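Listed below are the residues making up each chain.
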Amino acid sequence: MEKKISGVQIECRHGDITNQDDCDAVVNAANARLETGGGVAGAIHRAAGPELAKEARPLAPIKPGDAVITKAYRLPNKYVIHCLGPVYGNDKPEDKLLADCYSNALNLAEGNQVKSIAFPAISTGVFGYPIQEAASVAFDTILKMAPTLKSVKKIVFVLHSIQDLEVHEKVLEEEFKNF
Ligand code: AR6
């Protein structure tokens, strides 16, 4: 599914965040130490190689809502933007902290002349954020920021399951009605 707002294309696709060769940057659903881990962080660090953890180490620890940028090494992208999402039910207010991840990631992308960026569904795995609520926070933040973006022209949501893809498509459709 693809939508356009203020010249910014927003796309939802099924896939793996490590295979997004049409995007300048990919976002990592990181841990505070910016180390490898499970889910997205494990996949990104495995695919990028050990240089990624080496560059990231001095940037850690990060707080929920923060984003930092590194090179992408063996990934087919220029940059990895590492975001620490909130742990649902623990880091509060979780909706603001999750929104901060998306806005801070997009601001870093803008500052580094990134034209296209791929996001996973931050916080919706190990961190337990309900998928539909998380999608609503993500799209609300992105649609509000779209008119201010100068460099970023394509934002892709990469969903690991068809079910998560369907939820995102439905929420994106709904959110578009509010803009
Ligand atoms: N590509 C795209 N999406 C994926 C992939 C992939 N390769 N693998 C999983 N997902 P998670 P979090 C989906 O747990 O909730 C890590 O261990 C997954 O189905 O990666 O922010 C870190 O070290 C889910 O919908 O991130 C942290 O400690 C979404 O990506 C912690 O988990 C996010 O799942 C971060 O937890």
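Cut-off values and rules
- Residues numbered from 1 in each chain as written.
- Predicted model: local features only at pLDDT ≥ 70, side-chain atom pairs only at ≥ 80, totals over all residues.
- Heavy atoms only, no water.
- Phe/Tyr/Trp six-rings, centres within 6.5 Å; stacked < 30°, edge-to-face > 60°.
- Helix = DSSP H or I, 4+ residues; strand = E, 2+ residues; numbered from the N terminus.
- Buried < 20%, exposed > 50% of the residue type's maximum accessible area, 1.4 Å probe, protein only.
- Lys NZ or Arg CZ within 6 Å of the ring centre and 35° of its normal.
- Near = heavy atom within 4 Å.
- Polar contact = N/O pair within 3.5 Å; in protein donor to acceptor, adjacent residues only side chain to side chain.
- Areas by Shrake-Rupley, 256 points an atom, 1.4 Å probe, with all protein chains shown as cover.
- 1 Å grid on protein atoms, 1.4 Å probe; cavity = no way out; pocket = protein on both sides within 12 Å on 5 of 7 lines; lining within 4 Å.
- Sits in = over half its atoms within 2 Å of the grid points.
- Nonpolar A, V, L, I, M, F, W, Y, C, P; charged D, E, K, R; others polar.

A. Inspection of the packing of aromatic side chains at higher detail. For the coordinates displayed, the defined rule picks out 5 aromatic pairs. With a centroid separation of 6.0 Å and an interplanar angle of 25°, the aromatic rings of tyrosine 102 and phenylalanine 157 are classed as stacked. Taken as a pair, tyrosine 102 in helix H3 (residues 94-111) and phenylalanine 157 in strand S7 (residues 154-159) lie far apart in primary sequence, 55 residues in all. On the accessibility criterion, phenylalanine 157 (0% relative accessible area) is buried. Ring-pair connections join several aromatic residues into one group, and the members of that group are Tyr102, Phe119, Phe139 and Phe157. Sitting over the ring of phenylalanine 176, lysine 3 keeps its end group 5.2 Å from the ring centre.

B. Local environment of unusual backbone geometry. Residue proline 61 is bonded to the preceding alanine 60 through a cis peptide linkage, with omega at 0°. Structurally, proline 61 is set in the loop between helix H2 (50-56) and strand S4 (67-71). The omega angle of the peptide bond from lysine 92 to proline 93 is -10°, so this bond is cis rather than trans. Considering the arrangement of structural elements, one finds proline 93 in the loop between strand S5 (79-83) and H3. Of note in this structure, serine 6 is not a glycine but carries a positive phi near 50°. For serine 6, a relative accessible area of 44% translates into the label partly exposed. Despite not being glycine, leucine 34 has its phi angle at roughly 60°, a positive value. Relative to the helices and strands, leucine 34 is located in the loop between strand S3 (25-29) and helix H1 (39-48).

C. Focus on the site of the ligand. Around the ligand, a shell composed of 20 residues is seen, among which Asn31, Gly38, Val40, Ser123 and Thr124 lie nearest. Measuring from an oxygen atom of the ligand, one finds a side-chain N or O atom of threonine 124 at 2.7 Å. Between the ligand and the protein, one listed contact pairs an oxygen atom with a backbone N or O atom of glycine 125 at 2.8 Å. Taken by itself the ligand offers 700 Å² of open surface, and the protein chains cover 88% of this. With respect to the detected pockets, the ligand is housed in the largest pocket. Considering every element that reaches the shell around the ligand, the biggest residue donor is H1, with 4 residues. For the shell around the ligand, the residue count by class is 9 nonpolar, 9 polar and 2 charged.

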